[in-house]
Amino acid sequence: QTVTFNNGIVIDSAIGTPVRNVYDGKVIYVGWLKGYGQVMIIDHKGGYYTLFAYLSKVLKERGDAVKEGAEIALAGDTGPDSTQGLYFEIRQKGVPRDPLTWLAAK
């Protein structure tokens, strides 16, 4: 009976589509989260974190350093109600940021 609030975007992707890291960082979490399915969280320093979810497979482990553009996972269907694609979220010091604005700057 728990409600979860997602603050990111869902990118339409086929199962198995490679997921690439958006900026240099370190993997700080790999596992399952209710409402997100299989998840990877990356610390980019300066209070910035990215969360990749709905993953079918993770290719990096907790503690791994990951470069911008590195293949880190595969898109999947592990989200709520077997949602297919890639869920992507950015947080700055715990505050959700609009991923579209941030990605447009890249």
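Our subject is the structure that appears above.
Nothing here was measured: the structure is a model prediction, and the numbers come from that model. (Residues numbered from 1 in each chain as written. Predicted model: local features only at pLDDT ≥ 70, side-chain atom pairs only at ≥ 80, totals over all residues. Heavy atoms only, no water.)

Some thoughts on the overall build of the protein
Here is step 1 of the chain: Looking only at helices and strands, the protein features one helix and ten strands.
Here is step 2 of the chain: Mapped in sequence order, the helices and strands of the protein form the string β-β-β-β-β-β-β-β-β-β-α.
Here is step 3 of the chain: On C-alpha atoms alone, the protein measures out to a radius of gyration of 13 Å, which is about the 13 Å that the 2.2 N^0.38 rule sets for 106 residues.
Here is step 4 of the chain: Projected onto the principal axes, the alpha-carbon positions of the protein cover approximately 35 × 25 × 25 Å.
Here is step 5 of the chain: Within the protein, the proportion of its 106 residues that are buried is 36%. (Helix = DSSP H or I, 4+ residues; strand = E, 2+ residues; numbered from the N terminus. Rg over C-alpha atoms; globule rule 2.2 N^0.38 Å. Buried < 20%, exposed > 50% of the residue type's maximum accessible area, 1.4 Å probe, protein only.)

Considering the environment of V58
Here is step 1 of the chain: Residue position: V58 is located in strand β6 (residues 55–58).
Here is step 2 of the chain: You can call V58 partly exposed: its relative accessible area is 23%.
Here is step 3 of the chain: Note: C-alpha distance between V58 and Q84 (26 residues apart in sequence) is 15 Å.
Here is step 4 of the chain: Sequence-distant contacts of V58, defined by excluding residues within four places in its chain, comprise V30, Q38, M40, I72 and A73. (Contact = heavy atoms within 4.5 Å.)

A closer look at the environment of V22
Here is step 1 of the chain: Mapped onto the secondary structure, V22 falls in the loop between β2 (18–20) and β3 (25–33).
Here is step 2 of the chain: Expressed as a C-alpha distance, the spacing of V22 and I42, which sit 20 residues apart in the sequence, is 9.7 Å.

Quick notes on the pattern of salt bridges
Here is step 1 of the chain: This model, assessed by the stated rule, comprises two salt bridges.
Here is step 2 of the chain: Notably, a salt bridge pairs E89 with R91, separated by 2.6 Å at the nearest N-O pair.
Here is step 3 of the chain: Judged by relative accessible area, which is 2%, E89 ranks as buried.
Here is step 4 of the chain: By relative accessible area, R91 is classed as partly exposed at 25%. (Salt bridge = Lys/Arg side-chain N within 4 Å of Asp/Glu carboxyl O.)

Some thoughts on the nonpolar core
Here is step 1 of the chain: By size, the foremost hydrophobic cluster in this structure holds 15 residues, and its most contacted members are V19, M40, I42, F52, L55, I72 and F88.
Here is step 2 of the chain: Contact partners of V19, with chain neighbours within four places excluded, come to F52, L55, A70, E71, I72, A73, L74, A75 and L86.
Here is step 3 of the chain: Among the nonpolar cores identified, the runner-up in size contains seven residues, and V39, L51, Y54 and Y87 belong to it. (Core = buried A, V, L, I, M, F, W, Y, C linked by side-chain atoms within 4.5 Å.)

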